[in-house]
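Reading the structure
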Amino acid sequence: MKSSLAPGIRLITSFSRDSWYRGFILFLTFLFYTAYHLSRKPISIVKSELHRNCSTVIRPADLNITNNATWCDWAPFDQDNYQTLFGVVDNSFLVAYAIGMFFSGIFGERLPLRYYLSFGMLMSGLFTVLFGLGFYWNIHSLGYYAFIQVMNGLMQTTGWPAVVACVGNWFGKGKRGFIMGVWNSHTSVGNILGSLIAGVYVSSAWGMSFIVPGLIIASTGILCFFFLVEKPEDVNCTPPQHHHDQESSETEPAENIQNSSHVVYGTITTESPGDVEEHTEAISFCGALSIPGVVEFSLCLLFAKLVSYTFLYWLPLYISNVAHFDAREAGDMSTLFDVGGIVGGITAGLVSDYTGGRATTCCAMLLLAAPMLFLYNYIGQRSIGTTIGMLLVCGGLVNGPYALITTAVSADLGTHESLRGNSRALSTVTAIIDGTGSIGAALGPLLAGLISPTGWNNVFYMLISADVLACLFLSRLVYKEAHGWCGRVPRVRGFKEI
């Protein structure tokens, strides 16, 4: 007679082999992209150390200085146009990232994801460390830091298309919004960890604020090389089902006669059953653009990411200037924005899964974000409680749509029914959407650097305008989804149409 199993063993055996592998891949890819964002964050924390108010800093007695106002600053950021110089450093990374992203998806479709990700993380680690070594090598050349940022931006483009493609290979559409909403918290977790790690060293030796994150992402690259599994078929697991024909039959009973009909943003398209076959050829750039919804969500993400990345790069400096916190305190306070982003991303995924309206969910959160940004600028610094509350709310509303578009929407579009089973389109579609968004990510910090000398109020007006424009680009898709809910077009939960 067999003895009863221990509770822990019963729990372990209750999950199938496929479930364990899926959980393992989800954890690994979460860890990988956490490292990517962790290595991007230090520059925003270190800015307030590179240019400080030297009148409040105790000067060493043996220091021979010629300028009392800038003796504690790090050249070349000791000049009056330091905000513009910070903008140059930010945009060296972001413009390279935006341009490289359009090509990264193409490479990601044609190269093994394990090698591609491992190489990208190792090289990102190298260039992050080199930025920090500028402190120890006493480098004061703007060109050096700009060049390092350009190379790092290109290397960082390896991450997003590859991890989304990998997760898309392992997970179907069922609860994709919720799963990817939880998974996408790696962005905020990486930002939080990057802020905290950089904050430990920023006041004593800011070079370590880059070196430590650089070593971390390089280590995860080694981990990726040894453990990542790209597809379920590689380990004899069952591949996910991306399209559910039985759901379509509930709303379209006539499809079993001869042709199958699918709803694509409110438009019924018909294709013969014989046309549905497995394709293995990588999709072209123009072919990916022709997928319904790709252009609209890409343009929406451009403005949504503009807002998100402006906060990513400038929020600690804004808190330091307006609330008069030191560099470490401002960095720690800025992590609350990312904490709100975690909740916002999960909430957006849950709501869009339940309603079947990805575009409507994004639009609603963007519309709410606009007045919240206005309020944060005017009352957000009145008390510590108000600051915490407003940062959490703004973080959720700003990062929620950004997270939803870059994860669940990208994966939905990359496995669109019009692709007829072509599983190699996901990386290209993801790269197009995130590449377009990265243009906004480059513009946001650049505009903030140019506008902030005229006053922080104008920066927030720019961010509010960007949120409104993001909503406008989704208006057609929201209209189509509203028609579906009114019964004019059969509604399919879980955003089956894309």
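Residues numbered from 1 in each chain as written. Predicted model: local features only at pLDDT ≥ 70, side-chain atom pairs only at ≥ 80, totals over all residues. Heavy atoms only, no water.

**Brief notes about the overall build of the protein**
The line we're drawing: Secondary structure counts use DSSP, requiring at least four H or I residues in a row for a helix and at least two E residues in a row for a strand, with both numbered from the N terminus. A simple rule labels every residue: compare its accessible area, found with a 1.4 Å probe on the protein chains alone, to the largest value its type can have, and call it buried under 20%, exposed over 50%, or partly exposed in between. Contact definition: two residues touch when any of their heavy atoms are within 4.5 Å. Here the Shrake-Rupley method, with its probe set to 1.4 Å, supplies the accessible areas, and only the displayed protein chains count as covering residues.
Counting secondary structure elements, the protein contains 19 helices and 2 strands. For the protein, with 498 residues in total, the buried portion stands at 57%. When contacts within the protein are restricted to residue pairs at least 6 apart in sequence, long-range pairs at least 24 apart make up 82% of them. If you sum the accessible surface of the protein, you get close to 20,400 Å²; carbon and sulfur atoms cover 65% of it.

**Considerations on the confidence of the model for the protein**
Threshold: pLDDT measures the predictor's confidence residue by residue and takes values from 0 up to 100.
Residue-level pLDDT values for the protein average 80, and 80% of them are 70 or greater. When mean pLDDT is compared element by element in the protein, helix α10 (residues 208-227) scores highest at 96, while strand β2 (residues 267-271) scores lowest at 38. Across residues 244-279 the pLDDT falls below 50, and counting only partners more than four positions away or on other chains, this stretch makes 66 contacts in the model. Confidence drops under pLDDT 50 across residues 491-498; counting only partners more than four residues distant or on other chains, this segment forms 41 contacts.

**Structural notes on the pattern of salt bridges**
Put simply, the rule is: Within this document, salt bridges are pairs made up of a side-chain nitrogen of Lys or Arg and a carboxyl oxygen of Asp or Glu, the two lying within 4 Å of each other.
All told, the structure shown has 5 salt bridges when counted by the stated rule. Between glutamate 296 and arginine 476 there is a salt bridge, with the nearest N and O atoms lying 2.5 Å from each other. Separated by 180 residues along the polypeptide, glutamate 296 in helix α13 (residues 294-323) and arginine 476 in helix α19 (residues 475-485) bring together distant segments of the chain. The shortest N-O distance in the salt bridge between aspartate 353 and arginine 358 comes to 3.1 Å. As far as burial versus exposure is concerned, aspartate 353 and arginine 358 are alike and both buried.

**Concerning unusual backbone geometry**
The omega torsion across alanine 75 and proline 76 is 10°, close enough to zero to call that bond cis. Along the chain, the position of proline 76 falls in the loop between α3 (42-50) and α4 (82-110). At asparagine 138, a position not held by glycine, the phi torsion is positive, near 55°. Its location among the elements puts asparagine 138 in the loop between α5 (113-136) and α6 (142-156). The phi angle at asparagine 236 is positive, at roughly 60°, despite the residue not being glycine. Along the polypeptide, asparagine 236 turns up in the loop between α10 and α11 (245-251).

**Considering the environment of tyrosine 376**
Structurally, tyrosine 376 is set in helix α15 (residues 358-379). Between the C-alpha atoms of tyrosine 376 and methionine 390, which are 14 residues apart in sequence, the distance is 5.9 Å. When near neighbours in sequence (up to four residues on either side) are disregarded, tyrosine 376 contacts Phe311, Leu315, Tyr318, Ile319, Gln381, Met390, Leu391, Cys394 and Phe460.

**A few points about a nonpolar patch on the surface**
Put simply, the rule is: For patch detection, residues must exceed 30% relative accessible area and be free of salt bridges, and they are connected within 9 Å for like charges or within 5 Å for nonpolar side chains (Val, Leu, Ile, Met, Phe, Trp, Tyr).
Judged by side-chain polarity, Phe24, Tyr115, Leu122, Ile222, Phe225, Phe226 and Phe227 come together as a nonpolar surface patch covering roughly 700 Å² of accessible area. Contributions of two or more residues to the nonpolar patch are made by α5 and α10. Top element by residues in the nonpolar patch is α10. It accounts for 4 residues. Within the fold, phenylalanine 225 resides in helix α10.

**Brief notes about the environment of glycine 435**
Residue placement: glycine 435 occurs in helix α17 (residues 426-451). Judged by relative accessible area, glycine 435 falls into the buried class, the value being 0%. Along the sequence, glycine 435 and tyrosine 97 sit 338 residues apart, while their C-alpha atoms lie 7.8 Å from each other. When residues no more than four places from it in sequence are discounted, the contact partners of glycine 435 are Ala98, Met101, Phe102 and Thr430.

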